[in-house]
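Geometric and topological summary
Residue strings, one per chain:
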Amino acid sequence: MLAFILRRFIFLIFVLMGISLLIFCILMTFSPERRAAAYVQSPQQAQNIPGIIKQYGLDQPFYVQYSRWMRQTLQGNFGWSLVAAQPVWNAFAQFFPVTLELNLFAVPLTLYIGIALGTLAGIHRGKAIDHLTRILAIIGWSLPTFLFALILLMIFYGYFGWFGTGIISDDLQLYLLNTPDDFIRYTGLYTIDGLLNFNSAIVIDAVKRLILPVATQVFVVVALLMRITRSSMIEELSKDYITTARAKGADNRTVYYKHARKNALIPVITVSGQLVALSLEGSVAVEIVFNRHGMGWWLVSSATQLDMPVLMFMCMFMGIVFVLSNLMCDLLIAFWDPRIRLSNS
């Protein structure tokens, strides 16, 4: 087990190097003048593009620029984010909690609903519950995320006025700005920090503004999980060991949930890890429609403005998340099914 984990971390180093080289090569296709424009922060600087090129070494060979960036990165200096007007790491600390808070509610619901409905659909293949889940899966997978988000926003916020957009209401935001000492930010997540500060008003308001984004993300992502769980359950129920269990007198609940579902969840765990990794990168449509400035919003804004330090940082972050999620999935599968030996992987 330890050797397996060590190999994966060594693999992570090579993956990150490959990602950084690839992205750096793509960014180098832009002219020095175009890349220098990304560092302009005032009208005066816009008149001195050659000076900016010289200052940041944008006219130097590729290997010199890449080695400089790598050296600064290893020192914890990820550059300056023009979109956020602050260092990249500080901006990450600001935007990541927004995305994390959304996923703390959305991911558990997605896993529970997707596995539960997919299991029922597989058990009752061809029956009403199976047809219903298949219809929901088709709708959820084919309906654009932004369209579903706009429909929910129009109905529940525009018509009924039940929920709002953003992370927290303007009144509470103003209150926090005027009385910063009354609210300690422990995690950056309003729901958790509100509980830790015993402020029920902030908790309730933050949860109300999470309901529609969470519902959107769950409905879209759960479709894939349902389909995979259903297909895996159907495959397991057709195997010989299920017939043997029935012949020995095992009841349906034991056959379905103790034998079939346990093996059926192995591919589901792998897919779930990828879904969680994608979720941590931020849902662009959800964050833009519901005005939640998280990782997805930050990435899109940085891409449109060619904020290169942010793009490099986000690519590295994505690589780390995906490699670690795969590692966690492998460990979880080994724990779930001891027949799988990671030392031979």
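Described in the following lines is the structure provided in the data block. Since this is a predicted model, take the numbers as computed values, not measurements.

1. Let's talk about the overall build of the protein chain
Looking only at helices and strands, the protein chain features 16 helices and 2 strands. Principal-axis analysis of the C-alpha atoms gives the protein chain an extent of 80 × 55 × 40 Å. Expressed as a percentage of its 345 residues, the buried residues of the protein chain come to 42%. Excluding contacts between residues fewer than 6 apart, the proportion of contacts in the protein chain whose partners are at least 24 apart in sequence is 70%.

2. Side note on the pattern of salt bridges
Taken as a whole and judged by the stated rule, the model has 4 salt bridges. For R292, the salt bridge goes to E101, with nearest N and O atoms at 3.8 Å. Taken as a pair, R292 in the loop between helix 14 (284–289) and helix 15 (295–304) and E101 in helix 6 (residues 88–123) lie far apart in primary sequence, 191 residues in all. Among the ionic pairs, R209 bridges to D205, the shortest N-O distance being 3.1 Å. Remark: D205 and R209 occur in helix 11 (residues 200–237); sequence separation between them is 4 residues, near one turn of the helix.

3. Examining the packing of helix 15 against helix 16 (residues 308–336)
Look at helix 15 against helix 16: their axes get within 9 Å of each other, and the N-to-C directions meet at 140 degrees. On the basis of their axis angle, the class for helix 15 and helix 16 is oblique. Crossing angle aside, the handedness with which helix 15 passes helix 16 is left-handed. Judged by residue contacts, M295, W298, L299, S302 and A303 of helix 15 engage V310, L311, F313, M314, F317 and M318 from helix 16. By residue class, the composition of the contact of helix 15 with helix 16 is 10 nonpolar, 1 polar and no charged.

4. Some words on the environment of Q217
Structurally, Q217 is set in helix 11. Along the primary structure Q217 and G140 are separated by 77 residues, whereas in three dimensions their C-alpha atoms are 9.8 Å apart.

5. Concerning the packing of aromatic side chains
Considering all chains together, one arrives at 24 aromatic pairs under this definition. Centroid distance W89 to F313: 6.3 Å. Interplanar angle 85 degrees. Geometry classified as edge-to-face. In this pair, W89 is assigned in helix 6 and F313 in helix 16, connecting sequence segments 224 residues apart. The structure contains a cluster of three or more aromatic residues connected by ring pairs, namely F78, W89, F92, F95, F96, W297, W298, F313 and F317. For R253, the ring lying beneath its charged end belongs to Y257, and the centroid distance is 5.2 Å.

6. A short note on the nonpolar core
With 18 residues, the main nonpolar core has L102, L153, L212, V214, V218, V289 and F290 as its most contacted residues. Going through the elements one at a time, helix 6, helix 8 (145–159), helix 11 and helix 14 are the ones with two or more residues in this core. Ignoring sequence-local partners within four residues, the contact set of V214 consists of L102, F105, A106 and L109.

7. Some thoughts on helix 6
The first and last C-alpha atoms of helix 6 sit 49 Å apart over 36 residues, in line with the 52 Å expected at 1.5 Å per residue. By the largest-angle criterion, N103 marks the main kink of helix 6, which is about 30 degrees.

8. Focus: the side chain of N263
Topologically, N263 is positioned in helix 13 (residues 252–280). Note on N263: relative accessible area 19%, which makes it buried. A polar side-chain atom of N263 sits 2.9 Å from a polar atom in the side chain of Y241.

9. Brief notes about the state of the cysteines
Within this structure, the stated rule accounts for 0 disulfides. Unpaired in terms of disulfides, C315 finds its nearest cysteine sulfur in C25, a separation of 12 Å.

10. As for the environment of L136
Tracing the backbone shows L136 in helix 7 (residues 128–142). Residue L136 is classed as partly exposed on the basis of its relative accessible area, which comes to 33%. Sequence separation between L136 and M226 is 90 residues; the distance between their C-alpha atoms is 9.3 Å. Residue contacts for L136: discarding those within four places in its chain leaves F219 and M226.

11. Some words on the packing of helix 7 against helix 11
Helices that pack against each other are described as a pair by the angle of their axes relative to one another and the distance between those axes. One can describe the packing of helix 7 onto helix 11 by two numbers: an axis separation of 8 Å at closest approach and a directional angle of 135 degrees. One way to sum up the angle between helix 7 and helix 11 is to call them oblique. As for the relative orientation of helix 7 and helix 11, their crossing is left-handed in sense. Contacts between helix 7 and helix 11 involve D130, T133, R134, L136, A137, I139, G140 and W141 from the first element and F219, V220, A223, L224, M226, R227 and R230 from the second.

12. With respect to the side chain of S272
Position of S272 among the secondary structure elements: in helix 13. On the basis of relative accessibility, which here comes to 9%, the residue S272 falls in the buried class. Residues contacting S272, with those up to four places away along its chain left out, are L111 and L225.

About the cut-offs
Residues numbered from 1 in each chain as written. Predicted model: local features only at pLDDT ≥ 70, side-chain atom pairs only at ≥ 80, totals over all residues. Heavy atoms only, no water. Helix = DSSP H or I, 4+ residues; strand = E, 2+ residues; numbered from the N terminus. Buried < 20%, exposed > 50% of the residue type's maximum accessible area, 1.4 Å probe, protein only. Contact = heavy atoms within 4.5 Å. Salt bridge = Lys/Arg side-chain N within 4 Å of Asp/Glu carboxyl O. Axes fitted to C-alpha atoms, helices over the stretch in contact; angles between N-to-C directions. Parallel < 35°, antiparallel > 145°, perpendicular 65-115°, else oblique. Left-handed = near helix turned anticlockwise from the far one by under 90°. Nonpolar A, V, L, I, M, F, W, Y, C, P; charged D, E, K, R; others polar. Phe/Tyr/Trp six-rings, centres within 6.5 Å; stacked < 30°, edge-to-face > 60°. Lys NZ or Arg CZ within 6 Å of the ring centre and 35° of its normal. Core = buried A, V, L, I, M, F, W, Y, C linked by side-chain atoms within 4.5 Å. Expected span 1.5 Å × (residues − 1). Bend = angle between axes of the 7 residues up to and from the residue. Polar contact = N/O pair within 3.5 Å; in protein donor to acceptor, adjacent residues only side chain to side chain. Disulfide = S-S within 2.5 Å.

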